[in-house]
Amino acid sequence: MTQESEEVKGLEQYGEVTEGILVSVEQETGTSDRGNWVLYRLVLDSGQEYSQFASNGGLPPKDTQLETVQKSYAAAKEKDEYLRIKLAYQNKGQYKNITAIIRTGMATKEDLPKE
């Protein structure tokens, strides 16, 4: 078994798994009585939104930094490319909270679904 397939298989331990092309990354910041927080919102080509509050920004496996995903997304977008990702999430009411995320490849505008 390759290391990549072990990583992908391992995502199931963090919740339900989905994959797609990352089409939008948004970030909100704020402060609560527990300190500063960051909310990351990732939208896939399916139109589904996944989010995560991050106090330290890290997620398993290997503490993937959401900030790193955001920077990779911005760099790819400058070249008219998109990131293919696979993520695990857990439903919390109306939200789908990201519990793990890995990058699986790259995509172009032609790979996106037509509106």
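Peer 1: Describe in detail the confidence of the model for the chain, supporting the description with residues and values.
Peer 2: Averaged over the chain, the pLDDT score is 88; the fraction of residues at 70 or greater is 90%. The secondary-structure element of the chain with the lowest mean pLDDT is helix α1 (residues 3-10), recorded at 59, while strand β6 (residues 81-92) shows the highest, at 95.

Peer 1: Which residues make up the nonpolar core, and what values go with them?
Peer 2: Nonpolar side chains in soluble globular proteins tend to be buried together. Core analysis: the biggest nonpolar cluster contains 19 residues, and L22, L42, I85, L87, I98 and I101 have the highest contact counts within it. At the level of elements, β1 (16-32), β2 (35-44), β3 (49-54), α2 (66-78), β6 and β7 (95-108) are the ones that each hand at least two residues to this core. The residues contacting L42, other than those within four sequence positions of it, are L22, S24, V25, Q48, E49, Y50, V69, I85, I98 and I101.

Peer 1: Now, about the environment of A74: what can you tell me, with residues and values included?
Peer 2: Relative to the assigned elements, A74 resides in helix α2. Judged by relative accessible area, A74 falls into the partly exposed class, the value being 38%. Distance from A74 to V25, taken between C-alpha atoms, is 8.6 Å for residues 49 residues apart in sequence.

Peer 1: Any details on the packing of aromatic side chains? Residues and values, ideally.
Peer 2: In total, this model carries 2 aromatic pairs according to the counting rule given. Centre to centre, the rings of W37 and F53 are 5.2 Å apart; their planes meet at 75 degrees, and the pair counts as edge-to-face. Residue W37 is located in strand β2, and its partner F53 is located in strand β3; the two are separated by 16 residues in the primary sequence. F53 sits in the exposed class, given a relative accessible area of 51%.

What counts, and at which threshold
Residues numbered from 1 in each chain as written. Predicted model: local features only at pLDDT ≥ 70, side-chain atom pairs only at ≥ 80, totals over all residues. Heavy atoms only, no water. pLDDT = per-residue confidence, 0-100. Helix = DSSP H or I, 4+ residues; strand = E, 2+ residues; numbered from the N terminus. Core = buried A, V, L, I, M, F, W, Y, C linked by side-chain atoms within 4.5 Å. Buried < 20%, exposed > 50% of the residue type's maximum accessible area, 1.4 Å probe, protein only. Contact = heavy atoms within 4.5 Å. Phe/Tyr/Trp six-rings, centres within 6.5 Å; stacked < 30°, edge-to-face > 60°.

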